[in-house]
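Coordinates in review
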Amino acid sequence: MNLNNIPFGTTDWAEISTTRHEGEQGYALWRTQQFDNIRVRIVEYSENYLADHWCHKGHILLCLEGELHTELEDGRTFTLSAGMSYQVADNAEAHRSSTAHGAKLFIVD
C-alpha cells in the first residue's frame, strides 16, 4: 500500500453519512472516506448479518465492538472480538463475514 496525495486531515466519523448495504441476511451500514486510492470505512453490521458474496478484496480490519465471524472459502473460520484485527491481501483468500449479535469495524482497503 502506498499512501500518496493525502494531506493531513481529521475525520469526525459521526458527520459522515451512512449507506446501507443488504447482506444475504441483515444489513451493513458504511461510513466511507476515500483518500486517493485508499478507502477507509466504519462498518456496522446488524444482528444476524451474513454477507451476500465471497470477497476477494484485501483489507486491514479492526473489530471495534461486538463479534465478527469470518469464513474463508476453504472452510476455515475465525472469530474477532473488540480489539482484534485481521489482514488479507487482494485476491489472496476469498472471505465472507457474519455476526449473530452485530459488530462495528474499522476497515482500510
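The structure under discussion appears in the preceding block.
Attention shifts here to the nonpolar core. In terms of nonpolar packing, the biggest core is built from 15 residues, with Tyr45, Leu61, Leu68 and Leu105 touching the most fellow members. Looking at this core, the elements that each hand over two or more residues are strand 2 (27-35), strand 3 (38-45), strand 5 (59-72), strand 7 (85-88) and strand 9 (103-108). Leave out the neighbours within four places in its chain, and Leu68 touches Tyr45, Leu61, Phe78, Thr79, Leu80, Tyr86, Ser97, Ser98, Ala103 and Leu105.

Let us now look at the pairing of strand 3. Most of strand 3 sits inside the fold, with 6 of its 8 residues counted as buried. If you look at the hairpin formed by strand 2 and strand 3, you'll find 2 residues sitting between the two strands, and Asp36 has a positive phi there, around 55°. Taken together, the 6 bridges between strand 3 and strand 9 define a ladder with antiparallel strand orientation. By the bridge assignment, Arg41 is partnered in strand 9 with Ile107.

Parameters and conventions
- The numbers attached to residues start from 1 for each chain and follow its sequence in the written order.
- Confidence filtering applies because this is a predicted model: local features only for residues at pLDDT of at least 70, side-chain atom pairs given and counted only at 80 or more, and all residues used for totals across whole chains, interfaces and linings.
- Hydrogens are left out, water is left out, and the side-chain values use all remaining heavy atoms of the structure.
- In plain words, nonpolar cores are sets of buried Ala, Val, Leu, Ile, Met, Phe, Trp, Tyr and Cys residues tied together by side-chain atoms within 4.5 Å.
- Relative accessible area decides the class of each residue, using a 1.4 Å probe on protein chains only: under 20% of the type maximum gives buried, over 50% gives exposed, and in between gives partly exposed.
- Labels follow the DSSP assignment, with helices taken as runs of H or I lasting at least four residues and strands as runs of E lasting at least two, numbered in each case from the N terminus.
- Here, residues are in contact when the closest pair of their heavy atoms is within 4.5 Å.
- Each pair of strands is called paired provided DSSP finds at least two bridges between the two strands.

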